Amino acid sequence: MKNPNWHRDEIILALDLYFDRDLGTMDSGNPKICALSELLNRLPVRNHKIDRDTFRNPNGVTLKLSNFKALDPNYSGKGMVAYSKLDKEVFEEFSSDTDLLHNIANEIKRILDNHELSNAVSKIENDEMSEADSVKEGQVLYKLHKVRERDRKIIEAKKKKVLKEKGEIKCEACDFDFEKIYGDMGKGYIECHHLIPLSNYQVNKETRLDDLALLCSNCHRMIHKDLRVKTIKEFKSKWM
Ligand SMILES: [Zn+2]
Ligand SMILES: [Zn+2]
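Just so we're clear, the structure is a prediction, and the values are computed from it rather than from any experiment.

Colleague: Help me understand the environment of Tyr182, please; the structure alone is not making it clear to me.
Modeller: Mapped onto the elements of the fold, Tyr182 is located in helix 9 (residues 178-182). Given a relative accessible area of 44%, Tyr182 falls into the partly exposed group. Residues Tyr182 and Lys160 lie 22 residues apart in sequence; the distance between their C-alpha atoms is 20 Å.

The following block contains the structure:
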């Protein structure tokens, strides 16, 4: 069985290791390379079966690192030029911002190290992820975004707060009111969007009600096209 192409999240994690100054020699005996191999085998980004023996084994990880060498203008040797288009894209995106890369990689690792979170994240179907293809921070953090938005308790608390303050529940961007259009069936229906940009995520931090916006399904879909939008005001001034 041929191993699947590297996923964006996987490349992010490998590239972060590539820029680790204390990495040491890049070979399959390196404990950091072995640890990444193990981590990649737990990453919840695929539905289909993988070949446990060969999938992202330390040799495969080492090869990926030598792909980065070929892309790295600061590397004087040769590296392995058989990198993918996505390898090149991710390398170019992050090589000048390794701090951001490191933050994203760390948050992904934090999710995987937290049993409850990694369970919740792996329950989000990959089919829902077509919209996440272009998410800079990768699928795992995007899935966490979805997990947060589906937290019943916090959604109810948010709706209650808004109802108390404004006397009604409608889309914060376009004013769509489900109850007005759909009557009783739409009463109290609204979606919740988490406004903190994925790259600023601190996995261990609790969601505050102010981090959430109430949106209709259309506006919610659209705001997911650009998760860097930090406020509904910004979203509206861009598109409405
Ligand atoms: Zn709306
Ligand atoms: Zn959202």
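Colleague: Explanation requested: the coordination of the zinc ion (ligand 1) in the structure shown.
Modeller: Six octahedral donors around a metal ideally sit at 90 or 180 degrees from one another, while four tetrahedral donors ideally sit at 109.5 degrees. The coordination sphere of the zinc ion (ligand 1), as far as protein atoms go, consists of Cys171 (SG), Cys174 (SG), Cys216 (SG) and Cys219 (SG), spread over 2.3 to 2.4 Å. In this structure, the zinc ion (ligand 1) is coordinated by four donor atoms arranged in tetrahedral fashion, with angles at the metal of 106 to 117°. Given the relative accessible area of 7%, Cys219 is considered buried.

Colleague: I'm lost on the coordination of the zinc ion (ligand 2) in this one. Help?
Modeller: Taken together, His145 (NE2), Glu149 (OE), Glu149 (OE), His193 (ND1), His220 (NE2) and His224 (NE2) make up the full set of protein donors to the zinc ion (ligand 2), lying 1.9 to 2.6 Å away. For the zinc ion (ligand 2), all donor residues lie on one chain, and their spacing in sequence is H-x3-E-x43-H-x26-H-x3-H. Residue His145 is found in helix 7 (residues 139-149), and its partner His220 is found in helix 10 (residues 217-223); the two are separated by 75 residues along the sequence. Like His220, His145 is buried.

Colleague: Got a minute to help me understand the side chain of Ser66 in this structure?
Modeller: Structurally, Ser66 can be placed in helix 3 (residues 58-71). Aside from chain neighbours lying at most four places away, what touches Ser66 is Gly79 and Met80.

Colleague: Got a minute to help me understand the pairing of strand 2 (residues 212-215) in this structure?
Modeller: Consecutive residues of a regular strand have side chains that alternate between opposite faces of the sheet. Residues Leu212 and Leu214 point to one face of strand 2 and Ala213 and Leu215 to the other, with burial holding for every one of them. Looking at chain direction, strand 1 (residues 191-194) and strand 2 are connected through four bridges and run antiparallel. Bridged to Glu191 within strand 2 is Leu215.

Colleague: What am I meant to see in unusual backbone geometry here?
Modeller: Across residues other than glycine, the phi torsion is negative in most instances, and most of the peptide bonds are trans. One non-glycine residue, Arg56, lies in the positive phi region at around 45°. Located in the positive-phi region is Asp175, a residue other than glycine, with phi close to 70°. Relative to the helices and strands, Asp175 resides in the loop between helix 8 (152-166) and helix 9. The exposure class of Asp175 is partly exposed, given its relative accessible area of 46%.

Colleague: Please explain the packing of helix 5 (residues 98-113) against helix 6 (residues 115-123) as it appears in this structure.
Modeller: To describe two helices that pack against each other, one gives the angle between their axes and the distance between the axes. Put simply, helix 5 and helix 6 touch, their axes get as near as 5 Å, and they point 100° apart. Taken together, the axes of helix 5 and helix 6 are roughly perpendicular relative to one another. Contact residues: Ile111, Leu112 and Asp113 in helix 5; His115, Leu117, Ser118 and Val121 in helix 6. Across the contact of helix 5 with helix 6, the residue classes break down as four nonpolar, two polar and one charged.

Colleague: Is there a simple way to think about the packing of helix 6 against helix 7 in this case?
Modeller: Relative orientation of the contacting elements helix 6 and helix 7 amounts to 95°, with a least axis distance of 9 Å. Here helix 6 is positioned roughly perpendicular relative to helix 7, judged by the angle of their axes. On helix 7, the residues that touch Leu117, Ala120 and Val121 of helix 6 are Val140, Lys143, Leu144 and Val147. Looking at the contact of helix 6 with helix 7 residue by residue, the classes come out as six nonpolar, no polar and one charged.

Colleague: For this particular structure, what's the right way to read the packing of aromatic side chains?
Modeller: A ring pair, where both rings are aromatic, is described by two values, the distance of the centres and the angle of the planes. Tallied over the entire structure, the rule returns nine aromatic pairs. When the ring of Tyr18 is compared with that of Phe91, the centres are 6.5 Å apart and the planes differ by 65°; the resulting orientation is edge-to-face. A residue pair is termed long-range when its members are at least 10 positions apart, and Tyr18 in helix 1 (residues 8-18) and Phe91 in helix 4 (residues 85-94) qualify at 73 residues. Residue classification places Tyr18 among the buried positions, given a relative accessible area of 9%. The class of Phe91 is buried, set by a relative accessible area of 3%. With a centroid separation of 6.1 Å and 25° between ring planes, the pair formed by Phe178 and Tyr182 is classed as stacked. On the criterion of helical spacing, the pair formed by Phe178 and Tyr182 is a turn pair, its members being four residues apart in helix 9. Site record: aromatic cluster; members linked through ring pairs are Tyr18, Phe19, Phe68 and Phe91. It is Lys136 that lies over the ring of Phe94; its NZ or CZ is 4.7 Å from the centre.

Rules used throughout
- Residues numbered from 1 in each chain as written.
- Chains lettered and ligands numbered in written order.
- Predicted model: local features only at pLDDT ≥ 70, side-chain atom pairs only at ≥ 80, totals over all residues.
- Heavy atoms only, no water.
- Helix = DSSP H or I, 4+ residues; strand = E, 2+ residues; numbered from the N terminus.
- Buried < 20%, exposed > 50% of the residue type's maximum accessible area, 1.4 Å probe, protein only.
- Donors = N, O, S within 2.8 Å, 3.2 Å for Na, K, Ca; no water.
- Tetrahedral: all angles 85-135°; square planar, octahedral: opposite > 155°, others 65-115°.
- Contact = heavy atoms within 4.5 Å.
- Pairing = 2+ DSSP bridges.
- Axes fitted to C-alpha atoms, helices over the stretch in contact; angles between N-to-C directions.
- Parallel < 35°, antiparallel > 145°, perpendicular 65-115°, else oblique.
- Nonpolar A, V, L, I, M, F, W, Y, C, P; charged D, E, K, R; others polar.
- Phe/Tyr/Trp six-rings, centres within 6.5 Å; stacked < 30°, edge-to-face > 60°.
- Lys NZ or Arg CZ within 6 Å of the ring centre and 35° of its normal.

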